[in-house]
Amino acid sequence: MAALTLALLFLSLASPFFDRFLPVWTPGFDGINRDRAVEWEGICSIILVLLYVILFVCLVVFFVRLFRGLKQGKIFVPGNARWLYIGAFLPLPIILYRGMYLILFGCSSLSTTAFVSSLIQKLALFSAFTLMALLYDIATDVSEENQLTV
């Protein structure tokens, strides 16, 4: 279930990247637009994709450590919350990526509206991840205190 959740999270958050790279393989697609700043577009795309993958790997490490702890009978693994804190930044490369396109290629009212609604959704996701990491960190501290008390 956790692997399916991670896969769906990866696919839903990475959709702007897929929209950028997948049309190259569709027939009749002309990927060259002479009005774009192509050199900056490629560099920024690669940097943001790598940042996204690194942050997603941090979430995967969190779940792997969580499942290893479950095998040992621990739900709250000490030091595991930091991976969740880092993984909370996962929606931010998407915001930067879409903002970059608005700056480089101009914005219509429809694209601005889509960006703002996406921005609100991604910031809510960031807040939810951060809250989850904070609660996990507090629960880990409480669990350690309970073990020391017993």
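Preceding block: the structure.
Reading the values: the criteria
Residues numbered from 1 in each chain as written. Predicted model: local features only at pLDDT ≥ 70, side-chain atom pairs only at ≥ 80, totals over all residues. Heavy atoms only, no water. Patch = residues over 30% accessible without salt bridge, like charges linked within 9 Å, V, L, I, M, F, W, Y side chains within 5 Å. Areas by Shrake-Rupley, 256 points an atom, 1.4 Å probe, with all protein chains shown as cover. Salt bridge = Lys/Arg side-chain N within 4 Å of Asp/Glu carboxyl O. Helix = DSSP H or I, 4+ residues; strand = E, 2+ residues; numbered from the N terminus. Buried < 20%, exposed > 50% of the residue type's maximum accessible area, 1.4 Å probe, protein only. Phe/Tyr/Trp six-rings, centres within 6.5 Å; stacked < 30°, edge-to-face > 60°. Expected span 1.5 Å × (residues − 1).

Engineer: I keep staring at a nonpolar patch on the surface and nothing clicks. Help me out?
Structural biologist: There is a patch of nonpolar side chains on the surface, built from Leu 131, Leu 134, Leu 135, Ile 138 and Val 142 and spanning about 440 Å² of accessible area. Along the chain, Leu 131 turns up in helix 6 (residues 109–149). Among the residues examined, Leu 131 registers a relative accessible area of 47% and is labelled partly exposed.

Engineer: Explain the packing of aromatic side chains here, please?
Structural biologist: Aromatic ring pairs are defined here through the distance separating the ring centres and the angle between the ring planes. Tallied over the full model, the rule gives four aromatic pairs. Judged by centre distance (5.2 Å) and plane angle (75°), the ring pair of Phe 62 and Phe 63 falls under edge-to-face. A centroid spacing of 5.4 Å and a plane angle of 55° characterise the contact between Phe 76 and Tyr 136, whose relative ring orientation is tilted. One end of the pair, Phe 76, is in the loop between helix 3 (38–71) and helix 4 (81–87); the other, Tyr 136, is in helix 6, with 60 residues separating them in the sequence. Three or more aromatic residues link up through ring pairs in this structure, and these residues are Phe 62, Phe 63, Phe 76 and Tyr 136.

Engineer: Please clarify how the side chain of Lys 122 should be interpreted in this entry.
Structural biologist: With respect to the element layout, Lys 122 can be found in helix 6. The class of Lys 122 is buried, set by a relative accessible area of 5%.

Engineer: Where do I start with helix 5 (residues 92–105) in this structure?
Structural biologist: Residues separated by three or four positions in an α-helix point in the same direction, a consequence of the helix having 3.6 residues per turn. Compared with the 20 Å implied by 1.5 Å per residue over 14 residues, the 20 Å span of helix 5 between its first and last C-alpha is a close match. Residues of helix 5 that are buried: Pro 93, Ile 94, Ile 95, Tyr 97, Gly 99, Met 100, Tyr 101 and Leu 102. Gly 106 lies just past helix 5 and shows a positive phi near 80°.

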